[in-house]
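So you can see what is in the structure, the chains are spelled out below.
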Amino acid sequence: MKTQLLTANEIDRAAEIIRAGGLVGIPTETVYGLGANGLNPMAVRRIFQAKGRPQDNPLILHIPDASWLELYCQDIPDAAWRLAKRFWPGPLTMILRCKKRTPEELRELEQGPVCSATHFGPHVIPDVVTAGLDTVGMRCPAHSMCRAIIQAAGVPVAAPSGNTSGKPSPTSFQHMLDDMEGKVDAILDGGDCQVGVESSIIDLTCTPPRLLRPGGIPLEELQLVLEDVELDPAVTRQLGKEERPRAPGMKYRHYAPKAPVTVVRGEPPRSAQYILDHIKDSYWDGVICFNEFAHWFQDYPVEQLGGSLDSFEHARRLFRALRAMDASGVKHIWAQCPDSAGMGLAVVNRLNKAAGFRVVDA
Ligand code: TXA
Ligand code: MG
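Residues numbered from 1 in each chain as written. Chains lettered and ligands numbered in written order. Predicted model: local features only at pLDDT ≥ 70, side-chain atom pairs only at ≥ 80, totals over all residues. Heavy atoms only, no water.

### Some words on the site of ligand 1
So the rule is basically this: When at least one non-hydrogen atom of a residue lies within 4 Å of a molecule or strand, that residue is treated as near it. Here a polar contact is recorded for every N or O atom pair within 3.5 Å, except that within protein the pair must consist of a potential hydrogen donor and a potential acceptor, and residues adjacent in sequence are included only if both atoms are side-chain atoms. Accessible surface is estimated by sampling points in the Shrake-Rupley manner with a 1.4 Å probe; for residues, cover comes only from the protein chains shown. Numbering of helices and strands runs from the N terminus, with a helix taken as a DSSP run of H or I at least four residues long and a strand as a DSSP run of E at least two residues long.
Taken together, 26 residues are adjacent to ligand 1, and Thr30, Asn57, His62, Ser199 and Gly249 come closest. Take Arg213: an N or O atom from its side chain is 2.9 Å from an oxygen atom of ligand 1. Gly249 is positioned with one of its backbone polar atoms (N or O) 2.7 Å from an oxygen atom of ligand 1. A total of 680 Å² of accessible area belongs to ligand 1 in isolation, and the protein chains cover 97% of it. Counting only elements with at least two residues in the shell around ligand 1, the list comes to strand E4 (60-62), strand E7 (135-139) and strand E11 (210-213). A per-element tally of the shell around ligand 1 places E7 first, with three residues.

Written out as structure tokens, the structure is:
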């Protein structure tokens, strides 16, 4: 398949392809996504094929504003409106109950106009989006081009991260091309992603609300709006064989470069020293470290995460660093582990998952 490469002034073209059932690589503020019309089951199925994504891993829907929640969700708790007011548009996904339709409603929707000014077809989320769950992830992204595409398409856009399943998510146009050129109808160049890790996912169908995936909105900020938030166990440890995470995607080895990763925890000078003491081969061993320590590893392939205290920069650079390590062909990656406060929780989670939770204390 020939993939069209679109620029910022081809928003309408991207929206047209989505409306017609095609697949488009779209920039968001977190990572690039692979978007399709979320109301069209055939189009959504193509997402799974292009990524090689397991069918039991549901997709989230991207909407232009919070008012769309009422079209697709029911039993929306007050917390959802408070979170939307505070953090949307932005890197937060809310898990809500899908709207149930009575047979009469379904018939009415099906007989209604297939195409109205703002919406196309019945407002019913196909099972292929939710993997058959009775809940759905809803996100209102902040990237201006992404918003413009969704507005112009006039449908909720189903979009997982645009990586090949299991790989680190794409945070640049080039990464998106590397994974999806030839497999999708178009990719729109929206520059580098400003957040760099995916959205935070909060499940509002349970009490207290539960953080299923840390991401672009720090837990501490969510706690300012919600009285109580539980941390899903899959965020901080490897689940056992019998355990099922609430976010199905959290069970897969993820964000992973080809080479095994060892994460080294501890105060930055100690973790750097630990790596220096244990690293063996300047050809096959690579290092992901804070900028201050890069000169310690001059003889090795090195990727810098940013200054040791700048967790927003770590988030922006992590997936890029993992991809660069892959490209360098190293056989083992050592990574300094940031502190898990603020954005650090998301960065540490992605690093640990890339390492299959192979973590050592310095
Ligand atoms: O920042 C983001 O969220 C990016 C951009 C493109 O918007 N999207 C993204 O989608 O990261 P994806 O599919 O790579 O990750 C979504 C996660 C998966 O782990 C999936 O299992 C979980 O959300 N998820 C989706 N629907 C769910 C549901 N109803 N209940 C629980 N988890 C759900
Ligand atoms: Mg993903």
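### Describing the nonpolar core
Convention followed: In plain words, nonpolar cores are sets of buried Ala, Val, Leu, Ile, Met, Phe, Trp, Tyr and Cys residues tied together by side-chain atoms within 4.5 Å. Only protein chains enter the accessibility calculation, which uses a 1.4 Å probe; a residue whose area is less than 20% of its type maximum is buried, one above 50% is exposed, and one in between is partly exposed. Throughout, a residue-residue contact means that at least one pair of heavy atoms, one from each residue, lies within 4.5 Å.
Core analysis: the largest hydrophobic core is formed by 70 residues, its most contacted members being Leu83, Trp88, Leu92, Met94, Met138 and Ile202. Not counting chain neighbours up to four residues away, the residues in contact with Ile202 comprise Leu83, Leu92, Thr93, Met94, Ile95, Pro209, Arg210, Leu211, Leu222, Leu226 and Val229. If you look at the next biggest cluster of nonpolar residues, it comprises 37 residues, including Val197, Leu305, Met325 and Ile333.

### Observations regarding the pairing of E11
The condition is simple: For two strands to be treated as a pair, DSSP must find at least two bridges joining them. Look down the strands so they point away from you; if the path from the first strand over the helix to the second goes clockwise, the crossover is right-handed.
Sheet analysis places strand E10 (residues 200-203) next to E11, joined by three bridges and oriented antiparallel. Each bridged residue has a counterpart across the sheet, and for Ile201 the counterpart in E11 is Arg213. Here E10 folds back onto E11 in antiparallel fashion, the turn holding six residues. Where E11 and strand E12 (residues 230-231) come together, two bridges link them in parallel fashion. Each residue of the ladder has a partner; that of Arg210, found in E12, is Glu230. Handedness of the crossover is the feature at issue here: the chain leaves E11, passes through helix H9 (residues 219-225), returns alongside E12, and the resulting connection is right-handed.

### Considering the side chain of Ser271
By secondary structure assignment, the location of Ser271 is in helix H10 (residues 268-278). Residue Ser271 is classed as buried on the basis of its relative accessible area of 0%.

### Some words on the domain arrangement of the chain
Where we set the bar: Residue ranges labeled as domains rest on an automatic or database domain assignment. Simply put, the buried area is the total loss of 1.4 Å probe accessible area from both parts when two parts are fitted together.
Segmentation of the chain into domains returns domain 1 (4-235) and domain 2 (261-361). The centre of domain 1, based on its C-alpha atoms, is set 30 Å off from the matching centre of domain 2. In this complex, domain 1 contributes 30 residues to the contact, which on the side of domain 2 involves 16 residues. For the domain 1 and domain 2 pair, buried surface summed over both sides reaches about 1,700 Å², with 55% attributable to carbon and sulfur atoms. On the domain 1 side of the contact with domain 2, Pro168, Val197 and Pro214 bury the most area, a combined 28% of that side's loss.

### Re the packing of aromatic side chains
The description of two aromatic rings rests on the distance between their centres and on the angle between their planes. Going by this rule: Think of it this way: a Phe, Tyr or Trp ring, Trp meaning its six-membered ring, pairs with another when their centres are within 6.5 Å, and the plane angle makes it stacked under 30 degrees, edge-to-face over 60, tilted otherwise.
One pass over the full model with this rule turns up three aromatic pairs. Relative to Trp296, the ring of Phe293 lies with its centre 5.2 Å away and its plane at 90°, an arrangement referred to as edge-to-face. Exposure remark for Trp296: the relative accessible area of 28% places this residue in the partly exposed category. Among the aromatic residues, those joined into a ring-pair cluster are Phe293, Trp296 and Phe297.

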